[in-house]
Amino acid sequence: MKAMVAVLDFGGQYNQLIARRVRELHVYSEMVPYDIELDKLQKMNPQGIIFSGGPASVYEKGAPQCDPGIFEMGIPILGICYGMQLIAKNKKGLVEDSHIKEYGRAYLNINSPDGLFKDINSPLPVWMSHGVAVKRVPEGFEIMAATDNCPIAAMGDYKNKLYGVQFHPEVRHTHQGNDILGNFLFSICRIKPDWDLQDYITSTIEAIRRQVGDNKVLCALSGGVDSSVAAVMTYKAVGQKLICVYVDTGLMRKHESEQVKEIFANKMGMELVFVDARDRFFNKLAGVRDPEQKRKIIGAEFIRVFEEEARKFGEINYLVQGTIYPDVVESGTKTANIIKSHHNVGGLPEDMEFELVEPLRLLFKDEVRAIGTELGMSDEIVWRQPFPGPGLGVRVLEEVTHEKVSILQEADYIVQEEIRKAGLEREIWQAFAVLPPIRSVGVMGDDRTYSYPVIIRAVNSDDAMTAEWSRLPYEVLDKIALRIVNEVKGINRVAYDITSKPPGTIEWE
Ligand code: XMP
């Protein structure tokens, strides 16, 4: 039986990272809701428990509280930020508003250099984000470290193996954060690192086989990394019983549809139904200028095409989805306003009744990429940038026509090529071209031109929730601009978008 660490999710910003860092240390870890029932948690058989951070204050009305029985399980617990305060409150310490709030970098002075802080430098740069702190440690606890503004920045009850840290070891700004988590796992919980992605692949393939038995499975393959890796894992589990449907909407990037066919059908020998639905999409989009309406039309048409194809296979009850961990967390805690109605081409038609096969549910994008590589998939697919479901339909602004899409495909292809040549493709979250519905005057040779400009957008991001515009080197921008105006007929000007998100969004529509 492999070791397991449960991370109780109290709603903090960096929570998703905790389980992930534990897995980086080769220990299997899962996030669970903070109010998980005791017997459910016991069944998971964790060898260590981590309480995450969270935005609430422990004395606030309705502040998230875990089952107090967790403290009686005899399993080591590490509380991070809110998690530390929760331990302090439950064990009768004192938590109060700090008169000095701490956000950002602080220096941790360690006075207990064993156990949790074994081989950790002091002072240590750490990342703080709190306005409340432990003011008196509970009985049986010792103060293990302090910063200038936080006299109790870490505490521990060594006998009962309960620990709390006010800083965030899971974020990269905390130096040696993984070493601290490693000390908790290996010295305090006495776990042996025994998990890797190959384990995940093997056990997930077995789980898919158990789930679907001898039945057929359907997959809406978009060619994006998540649905592609999910499809390949399912293919390894059920072989030709997996049927992938790829809908060519005509709104894909240059060569994308041929690439999908080449890789999945020709190279991998997977059962791929390739549907040429280009005319259907362009007909539906004719004359439509409103971004939301375009998104709805594309989403609905996709579902219609997909359903028609699915019906041809008779009764299929299983559908593969490339849902990844951030999707799960987002849909579980969604309180935000709709900025754009996101549509996942390759996603689930809402009114179709399928049992879902979601082999990547617990993983982050870079873990999915590592699995793709481990499965022998090419870099072309594994390192593909996120691409919106409605495709170039939301990058040709306002009305979508064949002519505009093909101009954009050419410009976009140059952007991709130059970013790749400059060795920047793995650093940048997304880089692409946008075609606005305006024209400007230019001069080429001795002639006046009156053509479209193209806007280049490149952003850095961790999860697309926020993004910063990429400081692309001038030489790369220059090369892109020169090539586009020279090589793409219909473009006479190139602009670069220097808006971050917020206030902009990544896509223009
Ligand atoms: P925005 O433009 O909202 O985009 O900042 C955030 C991320 O989501 C991608 N995106 C989509 N992905 N279906 C998707 O699957 C969609 O409808 C969609 N719209 C935007 C966008 O490319 C960026 O990575």
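Peer 1: Got a minute to help me understand unusual backbone geometry in this structure?
Peer 2: The phi torsion of most residues other than glycine is negative, and most of the peptide bonds are trans. Each neighbour pair has its own omega, and for S122 with P123 the value is 0°, a cis peptide bond. Its location among the elements puts P123 in the loop between β5 (94-110) and β6 (124-136). Residues P502 and P503 are joined by a peptide bond in cis, for which omega reads 10°. Summarising the element assignment, P503 is placed in the segment after β19 (491-496). Positive phi outside glycine occurs at K161, with the angle close to 55°. Within the secondary structure, K161 is located in the loop between β8 (154-157) and β9 (162-165). With a relative accessible area of 29%, K161 lands in the partly exposed category. Backbone geometry places H255, a non-glycine residue, at a positive phi of 70°. On the accessibility criterion, H255 (37% relative accessible area) is partly exposed.

Peer 1: So what exactly am I meant to see when it comes to the packing of aromatic side chains here?
Peer 2: Centre distance and the angle of the planes are the two values used to describe a pair of aromatic rings. Scanning the entire structure with this criterion turns up eleven aromatic pairs. On the numbers, 5.9 Å between centres and 90° between planes, the contact of F51 with F71 is edge-to-face. Here F71 lies in the loop between β3 (48-51) and β4 (77-80) and F51 lies in strand β3, a separation of 20 residues in the sequence. This pair shows no difference in class: F51 is buried, exactly as F71 is.

Peer 1: It is not clear to me how the nonpolar core should be interpreted in this structure. Could you clarify?
Peer 2: Among soluble globular proteins, nonpolar side chains are generally buried collectively. By size, the foremost hydrophobic cluster in this structure holds 72 residues, and its most contacted members are L8, I49, F51, I70, M155, L242 and I371. When residues of this core are sorted by domain, at least three fall in each of domain 1 (4-188) and domain 2 (208-382). Those residues in contact with L8 that sit more than four places away from it in its chain are V32, P33, Y34, I36, I49, I50, F51, S52, C66 and I70. If you look at the next biggest cluster of nonpolar residues, it comprises 48 residues, including L408, I414, L472 and I491.

Definitions and limits used
Every chain's residues receive numbers from 1 upward, in the order its sequence appears when written. Where totals are concerned, whole chains, interfaces and linings use all residues; where local detail is concerned, this predicted model gives features only for residues with pLDDT of at least 70, and gives and counts side-chain atom pairs only at 80 or more. Note that the side-chain values use all heavy atoms of the structure and ignore hydrogens as well as water. Note on conventions: DSSP H or I runs of at least 4 residues are helices, E runs of at least 2 residues are strands, and numbering of each starts at the N terminus. With a 1.4 Å probe rolled over the protein chains alone, any residue whose accessible area is under 20% of its type maximum counts as buried; one over 50% counts as exposed, and the rest are partly exposed. Any two rings among Phe, Tyr and Trp, with Trp reduced to its six-membered ring, count as a pair given centres within 6.5 Å; such a pair is stacked if its planes are under 30 degrees apart, edge-to-face if over 60, and tilted if neither. By nonpolar core we mean a set of buried residues, namely Ala, Val, Leu, Ile, Met, Phe, Trp, Tyr and Cys, connected to one another through side-chain atoms within 4.5 Å. As used throughout, domain bounds are those supplied by an automatic or database domain assignment. Any two residues having at least one pair of non-hydrogen atoms within 4.5 Å are treated as being in contact.

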